[in-house]
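Summary of structural features
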Amino acid sequence: MNQTYFQAYLQQQKAVYDAIPLDTVERIIHLVKQCREEDRQLFAFGNGGSASNVSHFITDLGKSASDSLLARGESNRFRCMSLNENLSWITALGNDYNYEDVYLRQLQNYARPGDLVITLSVSGSSPNVVKAVEWARDNGLITVALVGGKRGRVADLAHEVIVINETHYGRVEDAQMTICHMICYGFIEAY
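Residues numbered from 1 in each chain as written. Predicted model: local features only at pLDDT ≥ 70, side-chain atom pairs only at ≥ 80, totals over all residues. Heavy atoms only, no water.

1. Re the sheet that holds strand S1 (residues 41-46)
- Judged by pairing direction, the sheet is parallel, and its five strands sit side by side in the order S2-S1-S3-S4-S5 without closing on themselves. The sheet is open, and its two edges are formed by strand S2 (79-82) and strand S5 (160-163), each paired on a single side. Neighbour to neighbour, the strand axes of the sheet diverge by 15° on average, direction disregarded.
- Of the pairings in the sheet, the one linking S1 to strand S3 (residues 116-121) comprises five bridges and is parallel in character. Paired with Leu42 across the strands is Leu116, a residue of S3.
- Packing against the sheet, helix H2 (residues 22-37) makes contact with S1, S3, strand S4 (142-147) and S5, and its axis sits at approximately 140° to S5. (Pairing = 2+ DSSP bridges. Helix = DSSP H or I, 4+ residues; strand = E, 2+ residues; numbered from the N terminus. Axes fitted to C-alpha atoms, helices over the stretch in contact; angles between N-to-C directions. Contact = heavy atoms within 4.5 Å.)

2. Digging into the pairing of S1
- Among the six residues in S1, six count as buried, and that is most of the element.
- As a crossover connection, the stretch from S1 through helix H3 (residues 49-71) into S2 is right-handed. (Buried < 20%, exposed > 50% of the residue type's maximum accessible area, 1.4 Å probe, protein only. Right-handed = clockwise from strand over helix to strand, strands pointing away.)

3. Concerning unusual backbone geometry
- The phi angle at Asp39 is positive, at roughly 55°, despite the residue not being glycine.
- Its location among the elements puts Asp39 in the loop between H2 and S1.
- Positive phi is not limited to glycine here, since Arg151 has a value of about 65°.
- Inspection of the secondary structure assignment puts Arg151 in the loop between S4 and helix H7 (152-157).
- With a relative accessible area of 37%, Arg151 lands in the partly exposed category.

4. What about the packing of helix H1 (residues 3-18) against helix H8 (residues 169-190)?
- Interhelical geometry of H1 versus H8 gives an angle of 45° and a closest axis separation of 10 Å. The pairing of H1 with H8 is recorded here as oblique in orientation. Seen along the crossing, H1 lies across H8 with a hand that is right-handed. Contacts from Tyr9, Gln12, Gln13, Val16 and Tyr17 of H1 reach H8 at Gly170, Arg171, Asp174, Ala175 and Thr178.
- Looking at side-chain class alone, the contact of H1 with H8 contains four nonpolar, four polar and two charged residues. (Parallel < 35°, antiparallel > 145°, perpendicular 65-115°, else oblique. Left-handed = near helix turned anticlockwise from the far one by under 90°. Nonpolar A, V, L, I, M, F, W, Y, C, P; charged D, E, K, R; others polar.)

Here it is in structure tokens:
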């Protein structure tokens, strides 16, 4: 490999970053803010690298963003949960029902109308993500999806969608994490 590959990679990543629709990011931040102000629950989930990004996002939102708001005199924290963290529950659901239900059945236990669901998916077609977003939308939750260039079914279901117009998994996942950081740091530094 040579530096030409790395330069091209960075140029392509920069093009992906430059295409992030900031107006949609702002609308999503408003939904997250409203969720916190109304003391509602925020649920997030994804698979593979997207699951790792969700875990990172929920940590930043639940700890750092909450701490920053409290330090500025706000009275409540983010009530947020990554649905891909409870391994024993996920494996029990996958084993006793099917893997497509691992997020849906957790939402059925916890979620209430008006809560917020955020999903990250490069394909937008993972059956477990699609079923959970369908259920959430049908049951009065607000739904947000960050997806890759293939869009998938979840892009048609979610109330707010950001499509990273790229099919390269690394570039999409990096852009999704950047959006998650923009949301969190919006509360840490700007709001």
